[in-house]
Amino acid sequence: QVQLVESGGGLVQAGGSLRLSCKATGSTFGINVMGWYRQAPGKQRELVAVISSGGSTTYADAVKGRFTISRDSAWNTVYLQMNSLKPEDTAVYYCNANLWTSGTHWGQGTQVTVSS
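Residues numbered from 1 in each chain as written. Predicted model: local features only at pLDDT ≥ 70, side-chain atom pairs only at ≥ 80, totals over all residues. Heavy atoms only, no water.

1. Focus: the sheet that holds strand β7 (residues 67-71)
And step 1. Read from one edge of the open sheet, four strands run β1-β3-β8-β7, paired in antiparallel fashion. The open sheet has two edge strands with one neighbour each: β1 (2-7) and β7. Ignoring strand direction, the axes of neighbouring strands in this sheet form an average angle of 15°.
And step 2. Relative to strand β3 (residues 18-26), β1 is paired through six bridges, and the arrangement is antiparallel. (Pairing = 2+ DSSP bridges. Helix = DSSP H or I, 4+ residues; strand = E, 2+ residues; numbered from the N terminus. Axes fitted to C-alpha atoms, helices over the stretch in contact; angles between N-to-C directions.)

Below, the structure is given as structure tokens:
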């Protein structure tokens, strides 16, 4: 079983920065992709950014140029550096991991609130 533990959310003013972390523990062998999704009140969960085992990255258009996803060398922690935050970035951010051994896993979510 894989556990994903997120940290780093909080309240920030517009234009500020936050860094989210997600550490995978347990049976982490076989991770293909890790990344971040978010869900705002009344909206569907959406992709923010993902990074593959090969290092390729994908970003939502809304965050390109402002957010950066990265991982550690052990490939069990991913980070999301969020700069120039906007009120519309307010959401619960969920860590996601996809493993060829055990499928898709989600973290419990961390709240990000950007005040105007």
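Back to the text.
2. What about the side chain of Asp89?
And step 1. Topologically, Asp89 is positioned in the loop between β8 (77-82) and β9 (91-99).
And step 2. In this structure, Asp89 is in contact with Arg38, Arg66, Phe67, Ser84, Val112 and Val114, ignoring residues within four places of it in sequence. (Contact = heavy atoms within 4.5 Å.)

3. Focus: the environment of Thr58
And step 1. Here Thr58 lies in strand β6 (residues 57-59).
And step 2. Judged by its relative accessible area of 43%, Thr58 is partly exposed.
And step 3. Between the alpha carbons of Thr58 and Gly35 there is a distance of 9.2 Å; along the sequence they are 23 residues apart.
And step 4. If sequence neighbours within four positions are ignored, Thr58 has contacts with Leu47, Val48, Ala49 and Val50. (Buried < 20%, exposed > 50% of the residue type's maximum accessible area, 1.4 Å probe, protein only.)

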